Amino acid sequence: MRALTCTAFDQPETLTVLDTPTPAPAPGEVTIEVHAAGVNYPDALMVMGQYQVRPPLPFTPGAEAAGIITAVGEGVRGLSVGQRVAAFTGTGAFATHLNAPAAAVMPLPDGMDLGVAATLPLAYGTVMHALIDRGQVRAGETLLVLGAAGGVGLAAIMIGKALGARVIAAASTDEKLELARQHGADEVIKYEQADLKDALKALTGKQGVDVILDPVGDRWAESAFRSIAWGGRYLVIGFAGGEIPRLPLNLPLLKGASVVGVFWGEFARRDPAGNARNLARLAGWVMDGTVRPLVSERYALEDGPRAMRDLLERRVTGKVIITP
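About the criteria used
Residues numbered from 1 in each chain as written. Predicted model: local features only at pLDDT ≥ 70, side-chain atom pairs only at ≥ 80, totals over all residues. Heavy atoms only, no water. Helix = DSSP H or I, 4+ residues; strand = E, 2+ residues; numbered from the N terminus. Rg over C-alpha atoms; globule rule 2.2 N^0.38 Å. Contact = heavy atoms within 4.5 Å. Salt bridge = Lys/Arg side-chain N within 4 Å of Asp/Glu carboxyl O. Buried < 20%, exposed > 50% of the residue type's maximum accessible area, 1.4 Å probe, protein only. Axes fitted to C-alpha atoms, helices over the stretch in contact; angles between N-to-C directions. Parallel < 35°, antiparallel > 145°, perpendicular 65-115°, else oblique. Polar contact = N/O pair within 3.5 Å; in protein donor to acceptor, adjacent residues only side chain to side chain. Pairing = 2+ DSSP bridges. Phe/Tyr/Trp six-rings, centres within 6.5 Å; stacked < 30°, edge-to-face > 60°. Expected span 1.5 Å × (residues − 1).

Student: Sorry, what's going on with the overall build of the protein here?
Tutor: Along the protein, the regular secondary structure elements total 11 helices and 15 strands. In terms of C-alpha radius of gyration, the protein reaches 20 Å, essentially the compact-globule figure of 20 Å for 324 residues. Considered along the principal axes of its C-alpha atoms, the protein spans approximately 60 × 40 × 35 Å. In the protein, the share of contacts with a sequence separation of at least 24, taken over all contacts with a separation of at least 6, comes to 70%.

Student: Help me out: how do you make sense of the pattern of salt bridges in this one?
Tutor: Note on pairing: side chains with opposite charge can pair once their charged atoms come close. If you walk through the whole model with that rule in mind, you get 17 salt bridges. With its nearest N and O atoms 2.8 Å apart, the salt bridge here joins R270 to E266. Residue R270 and its partner E266 are both found in helix α9 (residues 264-270); the two are separated by 4 residues, about one turn of the helix.

Student: Honestly, helix α11 (residues 304-312) in this entry has me stumped. Any pointers?
Tutor: What sets the pattern is the α-helix's 3.6 residues per turn: residues three or four places apart point alike. Here α11 lies mainly inside the structure; 8 of its 9 residues are buried. Of all the residues in α11, the buried ones are G304, P305, A307, M308, R309, D310, L311 and L312. Positioned one or two residues after α11, R314 has a phi angle of 60°, which is positive.

Student: Help me understand the packing of helix α3 (residues 120-134) against helix α10 (residues 272-288) in this model?
Tutor: At a closest axis distance of 10 Å, the pairing of α3 and α10 adopts a crossing angle of 110°. Comparing their axes, α10 and α3 come out roughly perpendicular. Across the interface between the two elements, L120, Y124, G125, M128, H129, I132 and D133 from α3 touch N278, L279, R281, L282, W285 and V286 from α10.

Student: Is there a simple way to think about the side chain of T119 in this case?
Tutor: Among the structural elements, T119 can be located in the loop between α2 (114-117) and α3. Of the polar contacts made by the side chain of T119, one reaches the backbone oxygen of V116; its length is 2.7 Å. Setting aside chain neighbours within four positions, we find T119 in contact with E64, Y124, P293, V295, K319 and I321.

Student: Whenever I open this one, the sheet that holds strand β12 (residues 228-236) confuses me. Can you help?
Tutor: Sheet strands associate in pairs through backbone hydrogen bonding, adopting either a parallel or an antiparallel arrangement. If you walk across this open sheet you meet the 6 strands as β10-β9-β8-β11-β12-β13, and the pairing is parallel. If you trace the sheet from one side to the other, it starts and ends with β10 (187-190) and β13 (258-261), each paired once. Between one strand axis and the next, the sheet turns by 20° as a mean value, whatever way the strands run. As judged from the 5 bridges shared by strand β11 (residues 209-214) and β12, these two strands associate in the parallel manner. Bridged to D214 within β12 is V236.

Student: What is the right way to read the packing of aromatic side chains from this model?
Tutor: Where two aromatic rings form a pair, the distance of their centres and the angle of their planes describe that pair. Across all of its chains, the model carries 4 aromatic pairs by this definition. Their ring planes at 40° and their centres at 6.3 Å tell us that F9 and F59 sit as a pair that is tilted. Separated by 50 residues along the polypeptide, F9 in the loop between β1 (2-5) and β2 (16-19) and F59 in the loop between α1 (41-47) and β4 (64-72) bring together distant segments of the chain. Using a relative accessible area of 25% as the deciding quantity, one classes F9 as partly exposed.

Student: Teacher, can you tell me more about α10 here?
Tutor: The first and last C-alpha atoms of α10 sit 24 Å apart over 17 residues, in line with the 24 Å expected at 1.5 Å per residue. Restricting attention to buried positions, one finds in α10 the residues G274, N275, N278, L279, L282, A283, W285 and V286. Buried residues in α10 make contact with β7 (105-107), α2, α3, α4 (151-162) and α9.

Structural data, given as structure tokens:
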């Protein structure tokens with residue numbers, strides 16, 4: 001097998017493709033021939049040693065993949081050679097083959113594109129958990145999505161609409177806002193041309209937004225929170241903007257609002273049945289066209305470092321994948 005390999009915590013450009021024997025699956029695992037692997041912000045952070053998880057060196061980055069099962073380990077039930085699946089493993093996906101615990105594998109409906117399937121576990125799984133389990137979004141509520149043109153942002157727009165919410169999308173350029181509109185946003189705000197708090201007040205008739213989904217953090221967090229409605233829920237997804245914001249704690253008090261952490265990976269580990277329900281519901285939405293994941297670019301395995309750099313520099317819209 002060929003694998004993009006990290007031998008020291010450093011910039012993505014230091015990764016190299018190495019040839020290694022394809023391992024047999026351990027008991028409880030399957031081997032997947034990887035057709036596509038989703039590229040995510042945590043992948044780059046992990047390579048640089050800046051993520052909360054630091055795998056032992058050397059390791060292959062890549063948290064999610066889709067492909068075909070080529071071998072099944074002892075004790076695995078319900079999965080078979082030749083089956084089309086997606087998997088979330090945390091690491092190992094940027095390779096031609098991947099061993100995955102059976103519990104981390106999601107059988108795919110016939111006809112689902114494997115490139116699209118490779119984008120579902122992390123970004124879309126995170127948003128399903130965020131909006132359904134943590135944010136408890138209800139039909140008729142208003143949802144603000146920050147970083148609306150990224151993989152998590154577009155997922156949040158489409159899933160928010162599927163749940164019946166009115167969606168306001170915020171992004172940095174006209175092109176990104178147009179992309180948000182194309183994926184269902186009801187209203188849009190360009191960060192640099194409007195005071196976020198004032199714009200949200202105008203769009204909500206001074207009522208504020210019920211739920212805020214924030215994968216960006218940085219300087220937009222406090223302005224967004226100041227626009228929250230009474231009893232609102234602020235969903236902390238990540239900090240793609242760079243800085244971890246420091247929120248004045250009098251704001252949740254005055255708004256009767258909640259700051260809610262969203263850690264999908266731990267949720268999936270602790271409640272695999274709940275995660276499976278969310279992903280099955282998501283797969284149904286993808287197959288009937290309610291949710292239309294955007295794969296904006298495909299990179300060869302050797303170009304994996306460039307894919308991560310493009311993500312870090314926020315040159316990416318939707319999701320990008322590596323195709324080993």
